[in-house]
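Fold and geometry: a report
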Amino acid sequence: MKCIYIKGVKVSVCDLETASSEALRLSRLDSPSYICVTDAGNIVNAYRNSGELRTAINDSAISLPDGRPISLLANAKGVAGMGRVAGPDFMENIFRLTAGSDSSHFFIGDTEQTLKRLSQLANKRFNAKVAGYISPPFGDTTGSIDEEIMKSVNSSGARFVWVGLGGGKQEIWMHRNVRHLNKGIMTGVGAAFRFMLGDIKRAPKAMQSAGLEWLFRLLQQPGKMGMRYASTLPLFAVYTIQELLTNKMKSE
């Protein structure tokens, strides 16, 4: 899949349909892989603060363009075929595409109660087969805990592994542990579990299309999101201007 690089951070040229199709193809392979959901915050942090995060994103099979500003920037630079692919939308679409099939799902992250509710929702609303879930200890996991998690995933036979450990952390975790996955594909989806359950509300479609979903979430969670957005969005705006002033966006 074609990709571009913004400040050295990979973003795949795809939309929801093409990303989902590629994910289904990858899930059928015997070799494991992982998908990152890359928003403006991840690009800023990968460029400025974490070489490990940058490597994790760049080594992913797909780096989904999560955020209207990213797709708008690519389109302004003449890159066709890129549309916004948010984690909750991607996960829901994969549920629909695998409904009633043998392709099963496994969830990692959040609380036991949240994962139980999510499993029930996936099964009842989408007829998706859930192979299992694990709520790991909060904070950084150890090698022994990661080993136990991967053993459970492999024993379940799941083809789709959804990782909700938080942006930045989950990408690095997948990069470290994908070699222990027997088959299938992992996707880091951040708060998508809570979005799908309705615990966190999605912005109206008009705000999403206008690139203002961040504002809607800020109004919902000012304490949690305020500092995060303040430290990343202004910098991404600067990067956008710099990219627009250059003649060519690096791609491959």
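See above for the structure.
Fair warning: this is a prediction, and the values are worked out from it, not measured in the lab.

Basis of the calculations
- Residues numbered from 1 in each chain as written.
- Predicted model: local features only at pLDDT ≥ 70, side-chain atom pairs only at ≥ 80, totals over all residues.
- Heavy atoms only, no water.
- Helix = DSSP H or I, 4+ residues; strand = E, 2+ residues; numbered from the N terminus.
- Expected span 1.5 Å × (residues − 1).
- Contact = heavy atoms within 4.5 Å.
- Buried < 20%, exposed > 50% of the residue type's maximum accessible area, 1.4 Å probe, protein only.
- Pairing = 2+ DSSP bridges.
- Salt bridge = Lys/Arg side-chain N within 4 Å of Asp/Glu carboxyl O.
- Arc of directions from axis to C-beta.
- Right-handed = clockwise from strand over helix to strand, strands pointing away.
- Phe/Tyr/Trp six-rings, centres within 6.5 Å; stacked < 30°, edge-to-face > 60°.
- Lys NZ or Arg CZ within 6 Å of the ring centre and 35° of its normal.

Another point: helix α7 (residues 143-156). For α7, built from 14 residues, the straight-helix expectation of 20 Å at 1.5 Å per residue is met to within 8% by its first-to-last C-alpha distance of 20 Å. In this structure, the buried side of α7 is in contact with β5 (104-109), β6 (129-134), β7 (160-164), α8 (169-177) and β8 (185-188). With its phi angle positive at about 75°, Gly157 sits one or two positions after the end of α7.

Here strand β1 (residues 3-6) shows no split at all, with Cys3 and Tyr5 on one side and Ile4 and Ile6 on the other all buried. As paired strands, β1 and strand β2 (residues 9-12) are joined by four bridges and run antiparallel to one another. Note that in β2 the partner of Cys3 across the bridge is Ser12. Two successive antiparallel strands, β1 and β2, enclose a turn made up of two residues, where Lys7 displays a positive phi of approximately 55°.

Turning our attention to unusual backbone geometry. For Lys7, which is not a glycine, the phi torsion comes out positive at approximately 55°. Within the fold, Lys7 resides in the loop between β1 and β2. For Asn127, which is not a glycine, the phi torsion comes out positive at approximately 55°. Asn127 gets classed as partly exposed once you look at its relative accessible area, which sits at 46%.

Any two side chains of opposite charge can pair, given that their charged atoms come close. Enumeration over the complete set of coordinates arrives at 12 salt bridges. Here Lys151 ties to Glu147 by a salt bridge, and the two come within 3.6 Å at their closest N and O atoms. Within this pair, Lys151 and its partner Glu147 are both found in helix α7, separated by four residues, close to a single helical turn. Lys151 sits in the partly exposed class, given a relative accessible area of 44%. For Glu147, a relative accessible area of 45% puts it in the partly exposed group.

Tracing the backbone through its elements, the reader meets Leu72 in helix α4 (residues 68-76). When the C-alpha atoms of Leu72 and Ala210 are compared, they prove to be 10.0 Å apart, with 138 residues separating the residues in sequence.

Here the focus is helix α6 (residues 112-126). For α6, with 15 residues, the first-to-last C-alpha span of 21 Å sits near the 21 Å given by 1.5 Å per residue. Buried within α6 are the following residues: Thr114, Leu115, Leu118, Ser119, Leu121, Ala122 and Phe126. Viewed along the axis of α6, the buried residues span an arc of 165°, placing them on a single side of the element. The exposed residues of α6 that point more than 90 degrees off its buried face are Gln113 and Lys124. Contacts from the buried residues of α6 go to α5 (87-97), β5, β6 and α9 (192-197).

The subject of this paragraph is the pairing of β8. The side-chain alternation of β8 yields two buried faces, one formed by Ile185 and Thr187 and the other by Met186 and Gly188. As defined by bridge partners, strand β3 (residues 33-38) adjoins β8 across three bridges and the pair is classed as parallel. Within β8, the position partnered with Ile35 by the bridge is Thr187. Pairing of β7 with β8 involves four bridges; the strand directions are parallel. By the bridge assignment, Phe160 is partnered in β8 with Ile185. On the question of chirality, the crossover connecting β7 to the parallel β8 by way of α8 is right-handed.

It is worth spelling out the packing of aromatic side chains at this point. Evaluation of the coordinates by the stated rule reveals eight aromatic pairs. Relative to Tyr239, the ring of Tyr47 lies with its centre 5.3 Å away and its plane at 85°, an arrangement referred to as edge-to-face. Placement of the pair is Tyr47 in helix α2 (residues 40-48) and Tyr239 in helix α12 (residues 222-245), with a sequence separation of 192 residues. Relative accessible area serves as the criterion here: at 5%, Tyr239 is assigned to the buried category. Consider the rings of Phe90 and Trp162, whose centres lie 6.0 Å apart with planes at 65°: the pair is edge-to-face. Of this pair, Phe90 sits in helix α5 while Trp162 sits in strand β7, placing them 72 residues apart in sequence. One exposure class covers both Phe90 and Trp162, and it is buried. Three or more aromatic residues link up through ring pairs in this structure, and these residues are Phe90, Phe95, Phe107, Phe126, Phe160, Trp162 and Phe193. A cation over a ring is seen here: Arg202 above Phe195, with NZ or CZ 5.8 Å from the ring centre.

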